Amino acid sequence: MSIPDEPTIELGEPIEVHVIADSTGDTGARVARAAAAQFASHPFRIIRHPRIATTAGLHLAIERVKNGRGNGSVVVFSTLVNDDLRALVADLTAEIEVPFCDLMAQALETLEQASGDMAERVPNRPVGIDADYFKRIAAMEFAVKHDDGQRPEGVVDADIVLVGASRTGKTPLSMYLGYLGFKTANIPLVPNIAPPSDLYAVDRWKIVGLTIDPSRLAMIRGRRVRTLGTTRGIDGYAELNRIYDELEAIGTIHRRLGCPVVDTTSLALEESAGRIIDLVADRTRSAMESDSTS
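Our subject in this report is the structure included herewith. In this text the structure is predicted, and so the values were computed from the model without any measurement. (Residues numbered from 1 in each chain as written. Predicted model: local features only at pLDDT ≥ 70, side-chain atom pairs only at ≥ 80, totals over all residues. Heavy atoms only, no water.)

### Quick word on the packing of helix α7 (residues 214-228) against helix α8 (residues 240-257)
- The geometry of α7 relative to α8 is characterised by a closest axis approach of 9 Å and an angle of 120° between their N-to-C directions. It follows that α7 is oblique to α8 by the angle criterion. At the point where α7 passes α8, the crossing takes the right-handed sense. Judged by residue contacts, Pro214, Ser215, Leu217, Ala218 and Arg221 of α7 engage Leu240, Ile243, Tyr244, Glu246 and Leu247 from α8.
- Residue composition of the contact of α7 with α8, grouped by class: 7 nonpolar, 1 polar and 2 charged. (Axes fitted to C-alpha atoms, helices over the stretch in contact; angles between N-to-C directions. Helix = DSSP H or I, 4+ residues; strand = E, 2+ residues; numbered from the N terminus. Parallel < 35°, antiparallel > 145°, perpendicular 65-115°, else oblique. Left-handed = near helix turned anticlockwise from the far one by under 90°. Contact = heavy atoms within 4.5 Å. Nonpolar A, V, L, I, M, F, W, Y, C, P; charged D, E, K, R; others polar.)

Structure, rendered in structure tokens:
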């Protein structure tokens, strides 16, 4: 009895979702990811433009939106609350014919209708304490406890595990992801030293590798060495030829772990974190779907 081949899913055009926000853009990014999950055949990339508080900043963000149109379809999500900026982003996206979704408009208008009061529309106002707040506190505590390979036995409980060479951004990314509510551990990879055995007990879809341009890494490490004021015990740490060899060896470990790799060279912290979240979410969903059909 022959088994019919599974139908192949043809990938549609990639879509860039630009989130324009007066705070971190977390809300817009979460809505974008939730919506993107309903379009499995389209590769998505979410780009944040956080802390937009001026018309000049908004114009710069729209320029980046225009530049992204060569990579596929582009849309803009906005969580701005300032009326002038909200109107301007609507006008600017209309001018360049980019689809635009104002995520705050209907929510504010609905609450105004229910309350009989006008929304104060104060940009960057902190939200009230809720369950997410305590989740973020716990995640930040987890990130601190499991920074730089500490307590490797606890990495199996992480939502995300970052692995990479020294100074590729593991610690700041772990702390930021913790702030977003993701329990994150990070483990440094060193050539000729085996990663902790606990790493191989982690679900593969939770692991993300980090890399960086060798020249950029040499500059960062050189600055670090000068700050320490000593070279004892760190021979070759900031030498470009050694760094090339180190990154090549760590690339082999990444492949052995079967993890995707994010290049942090030219990415802002928020953008790196967004890519990591999207990668883990996609790989988790694929793993769950695979388990359900097996």
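On we go.
### A short note on the nonpolar core
- Within the largest apolar cluster, 22 residues are counted, with the highest numbers of intra-cluster contacts made by Val155, Val161, Val163, Ile187, Leu199, Ile207 and Leu257.
- Mapped by element, the contributors of at least two residues to this core are β5 (160-164), β6 (184-188), α7 and α8.
- When residues of this core are assigned to their parent elements, the largest contribution, 5 residues, is made by α8.
- Not counting chain neighbours up to four residues away, the residues in contact with Leu199 comprise Val155, Val161, Val163, Ile187, Arg204, Ile207 and Leu257.
- In terms of nonpolar packing, the next biggest core, distinct from the first, is built from 15 residues, Ile62, Leu80, Val89 and Leu92 among them. (Core = buried A, V, L, I, M, F, W, Y, C linked by side-chain atoms within 4.5 Å. Buried < 20%, exposed > 50% of the residue type's maximum accessible area, 1.4 Å probe, protein only.)

### Let's talk about the pairing of β6
- Counted residue by residue, β6 has 4 buried out of 5 residues, so it is predominantly covered.
- With 5 bridges joining them, β5 and β6 adopt parallel strand pairing. Residue pairing across strands places Gly164 opposite Pro188, the latter belonging to β6.
- What joins β5 to β6 is helix α6 (residues 170-179), and the crossover it makes is right-handed. (Pairing = 2+ DSSP bridges. Right-handed = clockwise from strand over helix to strand, strands pointing away.)

### Quick word on the packing of aromatic side chains
- Per the stated rule, a full pass over the model turns up 1 aromatic pair.
- Directly above the aromatic system of Tyr237 lies the positively charged group of Arg221, at a separation of 4.5 Å from the ring centroid. (Phe/Tyr/Trp six-rings, centres within 6.5 Å; stacked < 30°, edge-to-face > 60°. Lys NZ or Arg CZ within 6 Å of the ring centre and 35° of its normal.)

### Quick look at the environment of Ala32
- Mapping Ala32 onto the fold places it in helix α1 (residues 26-36).
- A sequence separation of 222 residues divides Ala32 from His254, and the C-alpha atoms of the two residues are 29 Å apart.
- Discounting chain neighbours no more than four positions away, the residues touching Ala32 are Val17, Ile46 and Phe77.

### Re the environment of Leu199
- Position of Leu199 among the secondary structure elements: in the loop between β6 and β7 (207-211).
- Exposure remark for Leu199: the relative accessible area of 0% places this residue in the buried category.
- Separated by 25 residues in sequence, Leu199 and Arg224 have C-alpha atoms that sit 28 Å apart.

### Some points on the packing of helix α2 (residues 55-67) against helix α3 (residues 83-95)
- As a packed pair, α2 and α3 sit with axes 11 Å apart at the nearest point and diverge in direction by 30°. The angle between α2 and α3 places the two elements in the roughly parallel class. For α2 against α3, the interelement crossing comes out right-handed. Along the contact surface, α2 presents Thr55, Leu58, His59 and Ile62, while α3 presents Leu85, Leu88, Val89, Leu92 and Thr93.
- Per-class residue counts for the contact of α2 with α3 are 6 nonpolar, 3 polar and no charged.

### Thoughts on α6
- Residues of α6 that are buried: Lys170, Leu173, Ser174, Tyr176, Leu177 and Gly178.
- Of the residues flanking the end of α6, it is Gly181, one or two places downstream, whose phi is positive at about 105°.

### A short note on the sheet that holds β6
- Reading across the sheet, the 4 strands line up as β6-β5-β7-β8 and stay open at both edges, with parallel pairing between neighbours. The strands lining the two open edges of the sheet, one partner per strand, are β6 and β8 (261-263). Looking at each pair of strands side by side, their axes are set apart by 30° on average, direction ignored.
- Where β5 lies against β7, 4 bridges are found, and the strand directions are parallel. By the bridge assignment for β7, Val163 is matched with Gly209.
- Contacting β5, β6 and β7, α6 crosses the sheet at an angle of about 170° to β6.

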